[in-house]
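# Architecture at a glance
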Amino acid sequence: QKEVEQNSGPLSVPEGAIASLNCTYSDRGSQSFFWYRQYSGKSPELIMFIYSNGDKEDGRFTAQLNKASQYVSLLIRDSQPSDSATYLCAVPRNNAGNMLTFGGGTRLMVKP
Amino acid sequence: DTGVSQDPRHKITKRGQNVTFRCDPISEHNRLYWYRQTLGQGPEFLTYFQNEAQLEKSRLLSDRFSAERPKGSFSTLEIQRTEQGDSAMYLCASSFSQLSEQFFGPGTRLTVL
């Protein structure tokens, strides 16, 4: 089992719809979770992080965390074509370095 | 620009040559990380520094790879005797502390012919 798993997609949604991206992780001790957006040929850009169970909202983005089930999700409301990118879930290793373990990413396509 | 910067942005080299990449982190960040990303995969951790100390290296970092951060500011990643399998995007990230988020630079795309 990979440490952080994501469906590679592509996930295709129409413009204006809600896009739902999911991530599962294996380390029950994980405390924080990050979502990065990566456009083709570019580097990852941090868009959300979450530490506590429940929902965290930031503009059109909502991160949801369920530690008991070991999954974290990202909802994008009112999806725009500019949201088309690969979304990477990242979990810090539970050590002093906190280096990130990434999932393989989910490619999102928002169609006009 | 006060973000993480990397140089060069692109490097094409022949197999067997040595290459060196540079990363300048956000100025007040004392932690610096190197990752490698191949097409269709998420970034993979290579090594990290806290100030000038290199505190952890991934098993991905063979003895052909070496990284330094001599004064706790910029860092270099050198690959000796490059192989075609080294072709990837090399990403640098920095963070203020152990618990804070990591911010990535634009990356250096290496192509080994």
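Above this text sits the structure in question.
The sections below set out a description of the structure shown in this document.

Analysis parameters
Residues numbered from 1 in each chain as written. Chains lettered and ligands numbered in written order. Predicted model: local features only at pLDDT ≥ 70, side-chain atom pairs only at ≥ 80, totals over all residues. Heavy atoms only, no water. Pairing = 2+ DSSP bridges. Helix = DSSP H or I, 4+ residues; strand = E, 2+ residues; numbered from the N terminus. Axes fitted to C-alpha atoms, helices over the stretch in contact; angles between N-to-C directions. Contact = heavy atoms within 4.5 Å. Buried area = accessible area lost by both parts, 1.4 Å probe. Salt bridge = Lys/Arg side-chain N within 4 Å of Asp/Glu carboxyl O. Buried < 20%, exposed > 50% of the residue type's maximum accessible area, 1.4 Å probe, protein only. 1 Å grid on protein atoms, 1.4 Å probe; cavity = no way out; pocket = protein on both sides within 12 Å on 5 of 7 lines; lining within 4 Å. Points joined across faces, edges and corners; volume = space filled by probe spheres on them. Nonpolar A, V, L, I, M, F, W, Y, C, P; charged D, E, K, R; others polar. Disulfide = S-S within 2.5 Å.

All names here are of chain A. As summarised here, the arrangement of the 5 strands in space is 1-3-8-7-6, forming an open sheet in which the pairing is antiparallel. A single partner strand is all that each edge strand has here, and the edge strands are strand 1 (4–6) and strand 6 (54–58). Taken pair by pair, the neighbouring strands of this sheet meet at an average axis angle of 20°, ignoring direction.

With that out of the way, let us pick up the interface of chain B and chain A. The interface of chain B with chain A comprises 22 residues on the first partner and 20 residues on the second. Sorting the residues of chain B by area buried against chain A places Q98, E101 and F104 of chain B first, and these three jointly supply 27% of that buried surface. The tally of links from chain B across to chain A stands at 0 salt bridges. Contributing elements (two or more residues each) for the side of chain B that touches chain A: strand 4 (31–37), strand 5 (44–50), strand 9 (88–95) and strand 10 (103–104) of chain B. For the side of chain B that touches chain A, the element with the most residues is strand 4 of chain B, which contributes 4 residues.

Moving on, we get to unusual backbone geometry. The omega torsion of the bond from G9 of chain A to P10 of chain A falls at 10°, within 30 degrees of zero and hence cis. Within the fold, P10 of chain A resides in the loop between strand 1 and strand 2 (11–14). For the bond running from D7 of chain B to P8 of chain B, omega is -5°, close enough to zero to count as cis. Position of P8 of chain B relative to the elements: it lies in the loop between strand 1 (5–7) and strand 2 (10–13). A positive phi angle, near 50°, is found at D78 of chain A, a position not held by glycine. Residue class for D78 of chain A comes out partly exposed when judged on its relative accessible area of 40%. Positive phi, normally seen in glycine, also occurs at N51 of chain B, with a value near 55°.

Turning next to empty space enclosed by the protein. As enumerated under the stated definition, the model contains 1 cavity of 30 Å³ or more in all. The calculated volume of the largest cavity comes to roughly 50 Å³. Looking at the largest cavity, the residues that line it are F34, P92, N98 and L100 of chain A together with Y33, S95, Q98, L99, S100, E101 and Q102 of chain B. Of the residues contributing to the lining of the largest cavity, the split by class is 5 nonpolar, 5 polar and 1 charged.

Before going further, it helps to spend a moment on the state of the cysteines. Residue and element names in this part refer to chain A. This model, assessed by the stated rule, comprises 2 disulfides over all chains. Here C23 connects covalently by a disulfide to C89, the sulfurs 2.1 Å from one another. Torsion about the S-S bond of the C23 and C89 cystine: about -70°, corresponding to left-handed handedness. Remark: C89 occurs in strand 9 (residues 85–92) and C23 occurs in strand 3 (residues 19–25); sequence separation between them is 66 residues.

On to the pattern of salt bridges, then. Residue and element names in this part refer to chain B. Tallying each qualifying case throughout the model produces 6 salt bridges over all chains. Measuring nitrogen to oxygen at the nearest pair gives 2.7 Å for the salt bridge that ties D24 to R22. Since its relative accessible area comes to 25%, D24 is described here as partly exposed. One network of salt bridges, with partners in common, ties together R64, E83 and D86.

Quantified by volume, the largest pocket comes out at close to 1000 Å³. As for the largest pocket, its lining consists of 42 residues, of which G103 and G104 of chain A together with Q41, G42 and P43 of chain B are closest to the centre. Contributing elements (two or more residues each) for the lining of the largest pocket: strand 1, strand 9, strand 10 (100–102) and strand 11 (106–111) of chain A together with strand 5, strand 9 and strand 11 (108–112) of chain B. Here the residues of the lining of the largest pocket are counted per class, giving 13 nonpolar, 20 polar and 9 charged.

Bear in mind that shape data such as this cannot, by itself, settle questions of function.
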